Structure formats: C-alpha cells, structure tokens
Amino acid sequence: MLIKSPRHTEKDLELWKIYEEADFLHYPKITNKILQSIKAIEDFLSCGPCYFSTSWGKDSVTAIHLAHNILGNDLKVWNIRVLPNRNEYCDTVRDLFLSKFNIKYYEVVADYTPVFKARLTLSEYNKETDKIWYNAIEEICRQAGTKRHCLGIRADESNVRLLRCLRWKHNTVNSCAPLAWWKAQDVFAYLNRHNLPIHPNYAMLGGGRWDRHRIRVAEIGDSHGRGIGRHEWEKEYYPDVLRKCLK
C-alpha cells in the first residue's frame with residue numbers, strides 16, 4: 001500500500017500503478033524465498049535472543065513482517081530516530097504498521113544537531129555523525145540486552161553486502177539477514193501482496209528518471225550514500241528540507 005504524498009507528480013503515480021500490476025504478477029515467484037527467509041529467522045532465534053531493527057524502508061518492513069509471522073506480538077523492534085533531518089514519512093509508515101501489528105516497538109535518538117551547527121569539513125562531519133550513529137546502536141544493544149540482531153539487508157544493494165552474504169549466507173553469529181538473496185521487486189511484491197505500508201519515496205520517480213530500486217528512506221541530506229544521483233533526487237523532491245539542513 002503506497003502512502004500518497006503531495007510530493008508525488010501525476011506521472012509518478014501513473015508509473016507506480018504499472019509497477020504495482022507487475023508486482024502482483026511477480027509474487028507467486030517468491031514462495032521459496034519466503035520459506036527460506038522464515039527458516040533463517042527461526043534458526044537465528046534458536047541460537048539465542050536477538051533484536052530486530054527497522055528503518056521503515058521497504059526491506060526492513062518486509063523483514064519485521066516475516067518475523068511477526070513467527071513471534072507475533074512478542075516481536076521487539078528498534079529504530080534509530082535521526083534528528084533534525086529525519087524523513088517525515090518514516091513516522092507515517094511506522095504509525096500504519098503499528099496500527100496493524102501490536103509489536104513491542106522502541107526508538108533511540110541520534111541527534112546530529114550539534115554537528116550541523118559546527119563548521120566542519122565533509123570528512124569531519126562524517127566522522128562525528130558516525131560516532132553518534134554507533135552510539136545509538138550501542139544503546140539499542142544495551143536496551144535489548146544483546147548484540148545479536150536481524151535486519152533487512154540484501155546482497156544486491158552493494159558490493160559490501162554481497163560479500164557478506166556470499167561469506168555467511170543468511171546468518172552470522174550475531175546477525176540475521178533473512179532477505180539476503182531477495183531482489184528489490186521481490187520485496188515490493190511482498191509488500192503489495194500483504195498490504196503493508198510503502199514509504200512514499202519509492203514512488204518519487206521523476207516520471208521514470210529515477211529507479212525505485214535505488215531510492216532510500218534515510219534522513220534527508222545525509223552525507224553518506226550520495227552516489228547514483230541521490231543528492232540530485234533530494235534536490236528534486238525535498239528542496240525545502242535541504243534548505244533547512246543547510247541553514
């Protein structure tokens with residue numbers, strides 16, 4: 001279920017409708033992947049407690065829904081709330097998901113505001129925000145009582161993640177990647193079939209100039225991952241947020 005936004009253009013929504021039709025037809029092809037993912041989560045849980053993380057993007061929503069099929073209302077999920085440039089629609093996805101599933105949900109804040117106000121080089125900025133981010137992860141581990149975690153990474157997202165999945169398949173000692181071998185269309189087909197909330201970003205397609213497989217839901221203006229046109233995409237769809245970030 002795509003969450004509609006005034007940032008969408010008419011052409012964006014027309015193209016999204018075509019994608020939805022293709023996703024509907026694609027769903028029967030992922031039956032084995034779903035079963036493999038559920039087994040990966042069950043195997044990981046059998047080795048000890050863990051926490052589940054979400055960004056409220058397509059992959060993590062799919063992963064925690066698969067986990068909910070196993071754990072039901074005992075599912076514990078954490079999200080890092082990055083301020084001051086969090087994407088507003090992450091909260092919309094969150095609220096819709098939580099209205100359907102009574103899970104145990106927690107947020108940890110990573111506040112970049114002091115870094116935004118400092119005059120830093122890009123390298124210095126990255127170093128300082130990384131510290132704040134990893135401190136937030138440590139706080140999640142403290143609250144959850146474990147470093148073992150399940151997340152929605154996939155092999156085809158980057159070379160680093162591909163190498164991780166080739167080396168460890170779905171599970172390492174401390175991490176579970178149930179979607180390791182899923183493609184982006186597999187994920188969209190799953191969300192479509194189960195009527196799960198889909199972040200509006202994925203339909204901000206520039207009328208076809210942007211690839212929905214490469215669009216992210218991370219905070220606006222993040223210095224990491226600016227490749228494949230992400231910064232240009234943000235300037236097209238979130239110019240008002242970028243202006244605030246640069247003040």
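All of the points below concern the structure found in this document. Please read all numbers here as calculations on a predicted model, not as lab measurements. (Residues numbered from 1 in each chain as written. Predicted model: local features only at pLDDT ≥ 70, side-chain atom pairs only at ≥ 80, totals over all residues. Heavy atoms only, no water.)

Counting its secondary structure elements, the protein chain contains ten helices and five strands. For a compact globule of 247 residues, the expected C-alpha radius of gyration is about 18 Å, and the protein chain comes in at 18 Å, within 12% of that figure. Here the C-alpha coordinates of the protein chain stretch approximately 50 × 45 × 35 Å along the principal axes. The buried share among the 247 residues of the protein chain stands at 49%. A separation of at least 24 residues holds for 74% of the contacts in the protein chain among residues at least 6 apart in sequence. Counting every atom, the protein chain has about 12,800 Å² of accessible surface; 55% of that belongs to carbon and sulfur. For the protein chain, the centre of its 38 positive side-chain charges and the centre of its 30 negative side-chain charges are spaced 3 Å apart. (Helix = DSSP H or I, 4+ residues; strand = E, 2+ residues; numbered from the N terminus. Rg over C-alpha atoms; globule rule 2.2 N^0.38 Å. Buried < 20%, exposed > 50% of the residue type's maximum accessible area, 1.4 Å probe, protein only. Contact = heavy atoms within 4.5 Å. Areas by Shrake-Rupley, 256 points an atom, 1.4 Å probe, with all protein chains shown as cover. Lys, Arg positive; Asp, Glu negative; His and termini not counted. Charge placed at Lys NZ, Arg CZ, Asp CG, Glu CD.)

Turning next to the sheet that holds strand β2 (residues 76–83). Reading across the sheet, the five strands line up as β3-β2-β1-β4-β5 and stay open at both edges, with parallel pairing between neighbours. The open sheet terminates on both sides in strands that have one partner only, identified here as β3 (104–111) and β5 (175–176). Both β2 and β3 contribute to a ladder of eight bridges, which runs parallel. Each bridged residue has a counterpart across the sheet, and for valine 82 the counterpart in β3 is alanine 110. (Pairing = 2+ DSSP bridges.)

Counting through the fold element by element, arginine 154 comes out in the loop between β4 (149–150) and α7 (159–168). Owing to a relative accessible area of 2%, arginine 154 belongs among the buried residues under this scheme. A distance of 2.4 Å separates a polar atom in the side chain of arginine 154 from a polar atom in the side chain of aspartate 156. Those residues in contact with arginine 154 that sit more than four places away from it in its chain are Lys58, Asp59, Arg161, Leu179, Ala180, Trp182, Lys183, Ala184 and Val187. (Polar contact = N/O pair within 3.5 Å; in protein donor to acceptor, adjacent residues only side chain to side chain.)

Enumeration according to the criterion identifies 21 salt bridges in this entry. Of the charged contacts in the structure, one is a salt bridge between arginine 7 and glutamate 88, with a shortest N-O distance of 3.3 Å. Taken together, the positions of arginine 7 in the segment before α1 (10–26) and glutamate 88 in helix α4 (residues 88–100) put the pair 81 residues apart, joining distant regions of the chain. For arginine 7, a relative accessible area of 18% translates into the label buried. For the salt bridge of aspartate 91 with arginine 86, the shortest nitrogen-to-oxygen distance reads 2.9 Å. Looking at aspartate 91, the relative accessible area reads 15%, which means it is buried. Judged by relative accessible area, arginine 86 falls into the buried class, the value being 13%. (Salt bridge = Lys/Arg side-chain N within 4 Å of Asp/Glu carboxyl O.)

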